[in-house]
Amino acid sequence: MSIKEIEEAITRLSAKDVAELMAWLEEYHAQLWDQQIEEDLETGRLDALLAEVDEEYEKGPQAGRQDKETVVRARRGAQPGAW
């Protein structure tokens, strides 16, 4: 069955059946995502990212953080010394 055939079949479903299909697809997509994450963990693709997270965690909650006003002013283009 092609994607086009599936799409056409979906258009013939009732609203209730479409809702059930959407719920199933969301669950199925979540399962695929979980599987991909597990594969990435097993193959080491996430090692660098996990090491970075561990390093940030070890530094503590305030390390490398800026206060809200600094971020807002920087986004508006203000130079830090001009505040």
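Up top is the structure.
Residues numbered from 1 in each chain as written. Predicted model: local features only at pLDDT ≥ 70, side-chain atom pairs only at ≥ 80, totals over all residues. Heavy atoms only, no water.

Chemist: Can you help me understand the side chain of aspartate 40 in this one?
Modeler: Summarising the element assignment, aspartate 40 is placed in helix α2 (residues 15–43). Separated by 2.9 Å, the side chains of aspartate 40 and glutamine 36 make a polar contact. (Helix = DSSP H or I, 4+ residues; strand = E, 2+ residues; numbered from the N terminus. Polar contact = N/O pair within 3.5 Å; in protein donor to acceptor, adjacent residues only side chain to side chain.)

Chemist: Mind showing me how you'd approach helix α3 (residues 47–59) here?
Modeler: Side chains of residues three or four places apart in an α-helix project in the same direction, reflecting 3.6 residues per turn. Between its first and last C-alpha, α3 extends 18 Å over 13 residues, near the 18 Å set by a 1.5 Å rise per residue. Positive phi appears at glycine 60, one or two residues downstream of α3, with a value of about 105°. (Expected span 1.5 Å × (residues − 1).)

Chemist: Looking at this structure, I do not really get a negative patch on the surface. What am I missing?
Modeler: Together, Glu27, Asp34, Glu38, Glu39 and Glu42 line one region of the surface with negative charge. Turning to its location among the elements, glutamate 42 is positioned in helix α2. Classification of glutamate 42 by relative accessible area gives exposed; the value is 67%. (Patch = residues over 30% accessible without salt bridge, like charges linked within 9 Å, V, L, I, M, F, W, Y side chains within 5 Å. Areas by Shrake-Rupley, 256 points an atom, 1.4 Å probe, with all protein chains shown as cover. Salt bridge = Lys/Arg side-chain N within 4 Å of Asp/Glu carboxyl O. Lys, Arg positive; Asp, Glu negative; His and termini not counted. Charge placed at Lys NZ, Arg CZ, Asp CG, Glu CD. Buried < 20%, exposed > 50% of the residue type's maximum accessible area, 1.4 Å probe, protein only.)

Chemist: I would appreciate a short explanation of the pattern of salt bridges in the present structure.
Modeler: A pair can form between side chains of opposite charge whenever their charged atoms are brought close. Evaluation of the coordinates by the stated rule reveals four salt bridges. Among the ionic pairs, aspartate 40 bridges to arginine 45, the shortest N-O distance being 2.5 Å. As a salt-bridge pair, lysine 59 and glutamate 56 come within 3.6 Å of each other at their nearest N and O atoms. Within this pair, lysine 59 and its partner glutamate 56 are both found in helix α3, separated by three residues, close to a single helical turn. Judged by its relative accessible area of 49%, lysine 59 is partly exposed. Note on glutamate 56: relative accessible area 38%, which makes it partly exposed.

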